[in-house]
Amino acid sequence: MSHFVLGYFAVLIAASCLAAYFGRRPVFMLLFVLTLASALAGLFGGVPALRFLTGAAAVLALAAGISYAFREFLAIVFGGEAERELKNAPLTAIFGLFVIAVYAIAAVFAPIIAPFGQAEVVSSAFAPADAHMLLGADQLGRDMFSRIIFGARNSVGIALMATLLAFFFGALGGLIAAVRGGVIDTLIGRIADVIMSVPSLIFSLLMLSIFGTSIVVIVIVVAVIYSPRVFRLTRAVAGNIVVMDYIEAARLRGEGDWYLIRREILPNATAPLVAEFGLEFCFVFLLISGLSFLGLGIQPPTADWGSMVRENATLISFGELTPLIPAAAIALLTVAVNFVVDWMLWRSSGLKE
Amino acid sequence: MAKNKDVLLRIRDLRIEAQTDDEWQEIVHGVNLTLHRGEVLGLIGESGAGKSTIGLAAMGFARDGCRISGGSVEFDGMELTTSSPSALRALRGSRIAYVAQSAAASFNPAHKIIDQHVEAPVMYRIRKRAEAQEDAMQLYERLRLPNPQEIGFRYPHQVSGGQLQRAMTAMAMACRPDLIIFDEPTTALDVTTQIEVLAAIRDIVDQFDTAAIYITHDLAVVAQMADRIKVLLKGEEIEEASTEKMLEDPQEDYTRSLWAVRSFERQQKPRPDDGTKPVVSVQDIDAAYGDTKVLEDVSFDIYPGMTVAVVGESGSGKSTTARCITGLLPPAKGRILFDGTEMPPAFRQRSKDQLRQVQMIYQMADTALNPRLRIGEIIGRPARFYGGLRGVKLKNRVDELLGLIELEPSKFYSRFPPELSGGQKQRIGIARALAAEPRFIICDEVTSALDQLVAEGILKLLDRLQKELGLAYMFITHDLATVRAIADEVVVMQRGRVVEQGPKDEMFQPPHHPYTDLLLSSVPEMDPNWLTALLEERGVDNVGEAAKV
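Throughout this document, residue positions are counted from 1 along each chain, in the order its sequence is written. In the order they appear in the text, chains get letters beginning with A and ligands get numbers beginning with 1. It should be noted that, the model being predicted, local features are given only for residues of pLDDT at least 70 and side-chain atom pairs only at 80 or more, the latter also being counted only at that level, while totals for whole chains, interfaces and linings use all residues.

### Here's the deal with the overall build of chain B
Thinking step 1. Regarding its fold elements, chain B presents 23 helices and 20 strands.
Thinking step 2. In summary, chain B has a C-alpha radius of gyration of 25 Å against a globular reference of 24 Å for 549 residues, a match within 12%.
Thinking step 3. When the backbone C-alpha atoms are referred to their principal axes, chain B occupies close to 75 × 50 × 45 Å.
Thinking step 4. Two residues qualify as a contact pair if the distance between their C-beta atoms, derived from the backbone, is within 7 Å. Here the contacts in chain B between residues at least 6 apart in sequence split such that 69% fall between residues at least 24 apart. Secondary structure elements follow DSSP: runs of H or I no shorter than four residues count as helices, runs of E no shorter than two count as strands, and numbering proceeds from the N terminus. In this treatment the radius of gyration is a C-alpha quantity, and the globule benchmark scales as 2.2 Å times the residue count to the 0.38 power.

Following this line, the structure appears as structure tokens:
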């Protein structure tokens, strides 16, 4: 038995003993189960399996550490009311915020961070990674790392615009339907049903082949596809609010619909809408990446994570993992956004009490 | 041990803490309680006194965010605070049962009543399913539910509120528990329905010699039910005595103040006889929701500076009348005159000034105030909307209104409604109505969700405002004590019709219309023998029918 294996089990057992001593039952259970699982993994997988487990644990610990530090950082920066909210936030949510912040910085400062331009051919096709090119080159000899950085700007930016537009249409429609009711409600509802009844990918492929694949068209088409979902949620949330007595009081005062929507309903519907925004953003992001992968989304030479996966797909058959990096970037952002959304849902649903 | 034999429940120095923002605060400060077999103990106090918390602790239970931090709860020789969850689970439902305030919210709407009834006895293997159903029907019969053989096979929404409350009491009885905790079981019911439920609960507790803790804020109710009464205030015991002694000779000031609440009564004002037109005149209105007719030939007048109380059970059309006056439900027939001129039936057709004149105060201040707007904006909006006030003028007006409702302007101006207590919220509701400078205000059950002391404060405030501003009130209520306190004239409604109306003093003197008589005689009195006497008078078996006259 190597020193590594001995040390590995010694650390685990010592940690679980400490947890038991301090009466932390869940922590103890976790550690002890991990010890047992490691024993099994070690038996069948040998030292490499244990090394893999250690690596995974180290990555997790690093993420948790970053999240913890980031939480303190945010609490100090914002202070006051926000500080208390943040102190109660789960680490996953903070991790999500951290990832989003990193992506945002990458997107905003892309030309400064990236060593090369997104369309700049700097090397031979599929050149391996070296000191200048952190992740090697793609099929045309462009720097992968630079393209991923620029991809943050293009993919995320377009997804954000499309989601904002979808929310503008959907939320406005939902609020008007809830306040007015009757014929207008039915009319908007049926339009939404019609849009929802067409499979979204087919619909967007159709629209994009008719109107061309400019960024404006992509944003509008995606917004139209996703606005019915927002509409249905907004209408349901607002429907619960318009039956409240304070809405009746405002109506009896003679207030117009716009005041009702703006001052009486919207402040009470913000929390679920913000949570939904995060969720929809993920779907929109994935749809746009999917469209790019199929060649109808963001057009070359603009760097985009979806199309980057397709362009470099051939590498996978040679056992290279590079094409999976843009895919991982997509996955990481989706997970991060979902962490934050979960936290917001938890806050708005009153589960905390 | 032998000495303890007839003691069923003994709570010693019970302390309960609740969590607020990471900090634990004690909300029950060392309460002692002893309950013998077959005895009924009344717990009484305002909201926040810890009544329900103590009631739940008697089952060894603490709500989410609460914990039992000290003391002991001993049930039949078993210590509940240290028992395992599974031991407690075996106790609850079989030996200790709980009847909640809202039966409608406590029954699962997706299952039939009897299926929910038999769940506990079958699960605890006390009875087989068929036996349990048979037993349920017998219990329904004892509780005088109509059609005891069939009513259990209905869904909860298919029976009335009072029947559901009795079905829930029957369900609590399913395992013949030693102890039942009743948590305000009649608070949400009409006075006429309350009688049925009270009588049913008392009978069944008597018959099975069950011990009970009866939690309520209504003294008159607890006087009928309990052998002993314990008064609580802010998690501390004020005093405890047998019911007779407590009613005759309360020792503590706080208890006396509770007893005195119902004494607020105002002189009745006569109608002005100088030819003043009524501020609101409702003439022969009919109204319907779809095809269901809910109002028929309703007429009454409200004169300036006077209060007209509209009374009746739920479903009698009181609130619908208010909706007709405000224009939310345009009447199918008839007219509504304001100062002698006819108003358009629907509120959308009314002018801004017509809308301003009629304001409304709601029962539930929680839903009547937008939780995301600051008090300053809630009150300021009508002043800005109707009066066009801006900036400093608006701020001054809001401060003036806050002063009028006896709240400190600097403290409340920028707070949100959820930060306020129930009584404060209701005051904000009043201020919002006043901000429009109306001549007529509809008060829809404004005090029924409040504690008695707080409710009295609101009534006094409304009375003072009426004197200062010459307002006319339409006061919708089912509580006759409120009517006695504040009304000048009374309108009695039943099934969408006005059955009797007139000045208050006449209405409280016989002879009455039979329905008025039923309403009046159903209001619980402080006399512990009142219920017994009333049931005898009506004939015990007719309680159910009497309420349906």
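### As for the interface of chain A and chain B
Thinking step 1. Chain A puts twelve residues into the contact, and the matching count from chain B is 17 residues.
Thinking step 2. Looking at the side of chain A that touches chain B, the elements with two or more residues in it are helix H10 (245–253) and helix H11 (257–293) of chain A.
Thinking step 3. With five residues, H10 of chain A is the single largest residue contributor to the side of chain A that touches chain B.
Thinking step 4. Lys, Arg, Asp and Glu make up the charged group, whereas Ala, Val, Leu, Ile, Met, Phe, Trp, Tyr, Cys and Pro make up the nonpolar group; the residues left over, Gly among them, are polar. The residue makeup of the side of chain A that touches chain B, split by class, is five nonpolar, two polar and five charged.

### Digging into the confidence of the model for chain B
All names here are of chain B.
Thinking step 1. When pLDDT is averaged along chain B, the result is 83; 96% of the residues meet or exceed 70.
Thinking step 2. pLDDT under 50 marks residues 541–549. Its contacts with residues more than four places away, or in other chains, come to 18 contacts.
Thinking step 3. As scored by the predictor, the complex reaches a pTM of 0.76 and an ipTM of 0.76. What pLDDT expresses is the predictor's confidence in each residue, scored from 0 to 100.

### Describing unusual backbone geometry
Excluding glycine, most residues fall at negative phi; most peptide bonds, likewise, are trans.
Residues and elements named next belong to chain B.
Thinking step 1. A positive phi angle, near 50°, is found at Asn147, a position not held by glycine.
Thinking step 2. Counts of 20 or more other C-beta atoms within 10 Å of a residue's own C-beta define buried residues, counts of 12 or fewer define exposed ones, and intermediate counts define partly exposed ones; C-beta atoms are placed from the backbone. Exposure remark for Asn147: the 13 C-beta atoms within 10 Å place this residue in the partly exposed category.
Thinking step 3. Its identity is not glycine, yet Glu406 carries a phi of approximately 65°, on the positive side.
Thinking step 4. In this structure, Glu406 sits in the loop between helix H15 (391–404) and helix H16 (409–412).

### Let's talk about the sheet that holds strand E17 (residues 440–444) of chain B
Residue and element names in this part refer to chain B.
Thinking step 1. Here six strands make up an open sheet; going across it, the order is E16-E17-E18-E13-E19-E20 and the pairing mixed. The open sheet has two edge strands, strand E16 (358–361) and strand E20 (497–503), and neither has a second partner. Across the sheet, the mean angle from the axis of one strand to that of its neighbour is 20°, orientation sign disregarded.
Thinking step 2. Here six bridges tie strand E19 (residues 489–494) to E20, and the two strands are oriented antiparallel to one another. At least two bridges found by DSSP between two strands is the condition for calling them paired. Here an axis means a line fitted to C-alpha atoms, over the contact stretch when the element is a helix, while the angle between two N-to-C directions is reported on a 0 to 180 degree scale.

### Let's talk about the domain arrangement of chain B
Residue and element names in this part refer to chain B.
Thinking step 1. Per the domain assignment, the segments making up chain B are domain 1 (2–105 + 181–263) and domain 2 (280–509).
Thinking step 2. Listed per partner, the contact involves ten residues of domain 1 and eight residues of domain 2.
Thinking step 3. Broken down by secondary-structure element, the contributors of at least two residues to the side of domain 1 that touches domain 2 are helix H7 (191–207) and helix H10 (253–260).
Thinking step 4. Considered class by class, the residues forming the side of domain 1 that touches domain 2 number three nonpolar, four polar and three charged. Where each domain starts and ends comes from a domain assignment, either automatic or drawn from a database.

### Let's talk about the packing of H15 of chain B against helix H17 (residues 422–435) of chain B
All names here are of chain B.
Thinking step 1. Between H15 and H17, the shortest axis-to-axis distance is 9 Å and the interhelical angle comes to 130°. Taken as axis vectors, H15 and H17 run oblique relative to one another. For the pair H15 and H17, the sense of crossing is right-handed. From H15, Leu401, Leu402 and Leu404 reach across to H17, where they touch Ala431, Leu434 and Ala435.
Thinking step 2. Classifying every residue of the contact of H15 with H17 by side-chain character gives six nonpolar, no polar and no charged. Comment on the angle field: the value is read as roughly parallel under 35 degrees, roughly antiparallel over 145, roughly perpendicular from 65 to 115, and oblique elsewhere. Crossings are classed by handedness, with left-handed meaning an anticlockwise turn of the near helix from the far one by less than a right angle and right-handed meaning a clockwise turn.

### With respect to the pairing of strand E11 (residues 280–289) of chain B
Residues and elements named next belong to chain B.
Thinking step 1. Pairing between E11 and strand E12 (residues 292–302): seven bridges, direction antiparallel. Looking across to E12, one finds that Val282 is bridged to Phe300.
Thinking step 2. In terms of strand pairing, E11 meets strand E14 (residues 333–338) through five bridges, oriented antiparallel. Each residue of the ladder has a partner; that of Val280, found in E14, is Phe338.

### As for the environment of Ala110 of chain B
Residue and element names in this part refer to chain B.
Thinking step 1. Within the secondary structure layout, Ala110 lies in the loop between helix H3 (103–106) and helix H4 (113–123).
Thinking step 2. Here Ala110 falls in the exposed class, since 9 other C-beta atoms lie within 10 Å of it.
Thinking step 3. Residues Ala110 and Gly42 lie 68 residues apart in sequence; the distance between their C-alpha atoms is 33 Å.

### A word on the nonpolar core
Thinking step 1. One finds Val222, Val284 and Ile288 of chain A together with Cys443 and Phe475 of chain B to be the most contacted residues of the largest nonpolar core, which totals 157 residues.
Thinking step 2. Sort the elements by how many residues they give to this core and helix H6 (residues 144–180) of chain A lands first, with 17 residues.
Thinking step 3. Ignoring sequence-local partners within four residues, the contact set of Val222 of chain A consists of Ala162, Ser204, Val284, Leu287 and Ile288 of chain A.
Thinking step 4. One nonpolar core equals one set of buried Ala, Val, Leu, Ile, Met, Phe, Trp, Tyr and Cys residues connected by C-beta atoms within 7 Å. Ranked by size, the runner-up nonpolar core spans 82 residues in total, among them Leu8, Leu91, Ala120 and Ala167 of chain B.

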